[in-house]
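Commentary on secondary and tertiary structure
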Amino acid sequence: MSEVWRDETPESITRDVLNTVLPDDDDTGEDHPWEWLAELARGRGLMVTAGDLRGLPYEVELTDRVLELLSTP
């Protein structure tokens, strides 16, 4: 296994990905800039509100290749 992957787990990668998508400065008290994201979506023709987005579940799905790399000794 590559040195890069040695200390990683599915949980640590998931946590890192979720931390990456969170804003650095959060003046709104929310996890994501929902209104901004809704505006971007509406600009692409999707009729969605910040509340709609806020209610959607999200999850990190690791590819088979990543899971293989994590399971290689």
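The notes below deal with the structure included here. Each chain has its residues counted from 1, running along the sequence as written. Given that the model is predicted, a residue must reach a pLDDT of at least 70 before its local features are reported, and side-chain atom pairs must reach 80 or more before they are shown or counted; all residues, however, enter totals for whole chains, interfaces and linings. Based on all heavy atoms of the structure, the side-chain values leave hydrogens and waters out of the count.

1. Some remarks on the pattern of salt bridges
- Salt bridge criterion: a side-chain nitrogen from Lys or Arg within 4 Å of a carboxyl oxygen from Asp or Glu. Enumeration according to the criterion identifies four salt bridges in this entry.
- Ionic pairing is found between Asp7 and Arg6, a salt bridge with its closest N-O pair at 3.7 Å.
- Classification of Asp7 by relative accessible area gives exposed; the value is 60%.
- Arg42 is the salt-bridge partner of Glu35, the closest N and O atoms lying 3.0 Å from each other.
- Relative accessible area decides the class of each residue, using a 1.4 Å probe on protein chains only: under 20% of the type maximum gives buried, over 50% gives exposed, and in between gives partly exposed. You can call Arg42 partly exposed: its relative accessible area is 32%.

2. So, the nonpolar core
- What we call a nonpolar core is a set of buried Ala, Val, Leu, Ile, Met, Phe, Trp, Tyr and Cys residues that are connected through their side-chain atoms within 4.5 Å. Of all hydrophobic cores here, the largest spans six residues; its members are Trp34, Ala38, Ala41, Val48, Ala50 and Leu53.
- Residue assignment for this core shows that the elements contributing at least two residues are helix H2 (34-43) and helix H3 (50-54).
- A helix here means a DSSP run of H or I that spans at least four residues, while a strand means a run of E at least two residues long, and both kinds are numbered starting from the N terminus. Counting residues per element, this core draws most heavily on H2, which supplies three residues.
- Contact definition: two residues touch when any of their heavy atoms are within 4.5 Å. Those residues within four positions of Trp34 in sequence are excluded, and the remaining contacts are Ala50, Leu53 and Arg54.

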